Amino acid sequence: MKKIVLSLLFLSLSFSSIKAQESLTYQQPTKEILDLAIAPLPPGTSVDGKGENAFLSYKSRYKSIAELSEKELRLAGLRINPVTNINSREVFNEKITYLDLKTGQEKTIAGLPTEGRFSNQSWNNDDSKFALTNTTEKGVELWIVDVKTLKATKVYEDQLNANLGRPFSWMSDNKTLIVKVLPSDRKPLINTEKALPTGPVVSVSDGKEAQNRTYQDLLKNKNDEFNFEQLVRSELYKIDAATGAKTKWLPASMYTSISNSPDGKFVLVNQIKTPFSYIVTYGSFPASADIYDNGGKLVQNINKKELQEVVPKGFSSTVTGKRNLAWRWDAAATLYWVEALDGGDANKPAEYRDALYQLQAPFSGQKQELVKVKDRFGGIYWGNNNVAIAVDDWYNTRNTSFYLFNPSNPNQEAQRFFSRNEQDAYGDPGQFVTDTNEFGWPVLAINKDKVMLQGQGASAEGILPFVDELDLKTLKTSRLWRAQKSDKYEQIMNVIDPKKGIILERIQSKTEYPNLYVRNIFQKGGKPKQVTFNKNPFEAMNSVSKELIKYKREDGVELSATLYLPPNYNKSKKEKLPMLMWAYPREFKDAATAGQVTTSENQFVSPSYGGPIFWALKGYAIMDDAAFPIIGEGKQEPNDTYVPQLVANAKAAIDAVDKLGYIDRTRVAVGGHSYGAFMTANLLTHSNLFAAGIARSGAYNRTLTPFGFQSEQRNYWEAPDVYNTMAPFQNANKMKTPLLLIHGEADNNTGTFPMQSERYFNALKGLGAITRLVLLPQESHGYAAKESILHTLWEQDQWLEKYVKNKGKDSEKK
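All values derive from a computational prediction rather than experimental measurement.

1. What to know about the side chain of Asp342
In step 1: Tracing the backbone shows Asp342 in the loop between β22 (334–340) and β23 (354–360).
In step 2: Looking at Asp342, its side chain comes within polar contact range of the main-chain nitrogen of Gly344, at 2.9 Å.
In step 3: A polar side-chain atom of Asp342 sits 2.8 Å from a polar atom in the side chain of Arg353.
In step 4: Dropping the residues within four chain positions of it, Asp342 is found in contact with Lys348, Ala350, Arg353 and Arg376.

The following block contains the structure:
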């Protein structure tokens, strides 16, 4: 196997001739696709809690292959640039400006570099200041923007350590930050490419089951361990945001997260401990949680977490001991956490699965139980000393529930309500609305024993967001507002003022780019006020027809998809078009929720490299986001009948568009990314519905993911027939339809090792199938470099033109 120009490796049966490899540089797609793919996007918007001020973030759509090719270390699930000490895949903003939402005026920020590599933007609690980092060639700087004066100050030089994420935390006084800084005693890293081995790498098992997923970027040896520790160690400094004054606060250690108590008197510090592991990522390494006072004096060790290589089987299983350790946002200095009551084992019967505990300052007393939940703890809304709402869920049943309880009286029985199937989008009650309390933290917005909920509003009528009111005494809801059905798609971004009914919305249509609006929901007939004015960068798509179509599977399951037709397509003449279908399977426990529609035809038409919409401009009908539910009711698992359901979904989709008279059903392609690629390979293997397929970054041999994949909880030895039936690799002898395989050479996603595509390609080639493998240098599971993305679009276009649009024309000429 040989390297070629720019290391872009193609193992293929060539478009024009039969070769093992092609010497090919990066290519670009045709103008119709290229113009859309490189069109600059409007800026991102970060709005304060009052809906008055915002910062606009401008960035390039893609990185360059040169940026992706910078030095990178892959350790314990992290990808680190060891020179700049930040995530090597970090997405940077190039320019930051200020937007006055009252006037719509955009302003520059004095002192801030006009061009930079900005990230980690963060408001303080009272929205008076805005912190962000700028990454230089040497490292990461910290900048503070004063919102009132619009002046930026660099408060720390390029010595921050962002290898574990955001390198700073705002304190409760809104004036101080605790910052992770590169330690003065950091040792030089070991060059693992040149280092000679000192012995074998030995892993051991003590007889306990450790059924982990197939993680990537794991530690491999002692050299990796050394480099990992050096890269994540930091010293902690306190920074005065106004003056830039620095005070060393804690000595070097492997700090992960730092959080201040609401009253500002204590700090919860989490840090990684040894020993490390070679089979799990750093999040499962031993760790400790300690409480310090403001002066950096240790008050109490609150938790010691052991290495977590062994967790009982099942998505609802968890670790033993304390988890979800955090501050109560409604109390001055009270910690809470959750502990499993069933040993963390979802397979054991238990009346209650989890319990919530708290410990108040000075943290030397006994823990106090607050509430028990029947399923696994999923989150909490703090309100005040008398009101809090906990959430639980259970994967096997997809059930979720809320619990209203009194934190000041644990003996008072909690009230369980809103218990439902969490996949039931039509029955989703929404999220509880919060407001800032005296500490500046978000808590339930309680008004006379009532709270508010905001919801997406998926329904049989369409997606119509709503705001409801819940009476805490009766647990009954009443509707305060619901969006009217129109040609717009609305989303509630934030409830700015619950008492006055002021909300921040994002509104868009098929041809109108999403913009922010402020609306008073208590003002009948009032119109929202537009506060951002981003223009449509994809006007070439305006003449593309878009509609939501609904249809049924043979067994009666309701399905839907978004159908795009080429510009100015005449629906009366009904020219027979080639079609590209794009989908991603999802698992459900009942047919009713599987058939719900959770997308809107009024969403803005935004072409992305990850989807198929570009090809509407090239004369294809596009069936995007086609519903591919895989259903397992009762004790039956969805994957028990994966293949027949998959084929039934595809046939129903093609039948629906064919019935409309728009397509030539002999010229239909299917494509998908990740699990969608797995779907694509299976459809080509087990049906004759398609002329060709495109499979990007998928996994095809399920014996390489033996302890579960996607939503499959059983291991290979418990369900070998399911694994083997679902695996395209094991059924490669049945696959004769042309398949384009694309994979990032540096894929870091669980289970989708590049080897999956390489081995599958070799099997298909050996069995005489028409296939082509494209490995993208430096690319991960999602592609980032402009060169890679444009080349991917070119590859897909070439494949579709040859095997779909012009299917059979070469043989006709002969």
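2. Describing the sheet that holds strand β38 (residues 502–508)
Backbone-to-backbone hydrogen bonds pair the strands of a sheet. The strands run either parallel or antiparallel.
In step 1: Spatial strand order, β37-β38-β39-β40: four strands in an open sheet with antiparallel pairing. The open sheet is flanked by β37 (489–497) and β40 (529–530), the only strands paired with a single partner.
In step 2: Both strand β39 (residues 515–520) and β40 contribute to a ladder of two bridges, which runs antiparallel. By the bridge assignment, Val518 is partnered in β40 with Lys529.

3. Examining the sheet that holds strand β32 (residues 450–455)
In step 1: Reading across the sheet, the four strands line up as β29-β32-β35-β36 and stay open at both edges, with antiparallel pairing between neighbours. The sheet terminates laterally at β29 (431–432) and β36 (477–482), the two strands that pair on one side only.
In step 2: Here β32 runs beside strand β35 (residues 466–471); their pairing, made up of six bridges, is antiparallel. Paired with Val451 across the strands is Leu470, a residue of β35.

4. Considering the nonpolar core
Nonpolar side chains tend toward joint burial in soluble globular proteins.
In step 1: Ranked by size, the top nonpolar core spans 63 residues in total, and within it Tyr551, Met581, Met623 and Phe690 carry the most contacts.
In step 2: Looking at which element gives the most residues to this core, the answer is helix α5 (residues 642–660), with ten residues.
In step 3: Not counting residues within four places of it along the chain, the set of residues in contact with Met581 comprises Met623, Ala626, Phe628, Ala650, Ala653, Ile654, Ala669, Val670, Gly671 and Phe690.
In step 4: Core analysis: the next-biggest nonpolar cluster, separate from the first, contains 39 residues, Trp582, Phe604, Tyr620 and Ala691 among them.

5. Points about the pattern of salt bridges
In step 1: Applying the stated rule across the entire model yields 40 salt bridges.
In step 2: For Arg233, the salt bridge identified is with Asp185, shortest N-O distance 3.2 Å. Taken as a pair, Arg233 in the loop between α3 (222–232) and β15 (234–240) and Asp185 in the loop between β14 (176–181) and α3 lie far apart in primary sequence, 48 residues in all.
In step 3: For Arg233, a relative accessible area of 12% translates into the label buried.
In step 4: Close ionic contact of Glu712 with Arg714 constitutes a salt bridge, the shortest N to O distance being 2.7 Å.

Definitions and limits used
- Residues numbered from 1 in each chain as written.
- Predicted model: local features only at pLDDT ≥ 70, side-chain atom pairs only at ≥ 80, totals over all residues.
- Heavy atoms only, no water.
- Helix = DSSP H or I, 4+ residues; strand = E, 2+ residues; numbered from the N terminus.
- Polar contact = N/O pair within 3.5 Å; in protein donor to acceptor, adjacent residues only side chain to side chain.
- Contact = heavy atoms within 4.5 Å.
- Pairing = 2+ DSSP bridges.
- Core = buried A, V, L, I, M, F, W, Y, C linked by side-chain atoms within 4.5 Å.
- Buried < 20%, exposed > 50% of the residue type's maximum accessible area, 1.4 Å probe, protein only.
- Salt bridge = Lys/Arg side-chain N within 4 Å of Asp/Glu carboxyl O.

What is shown is where atoms sit, not what they do.
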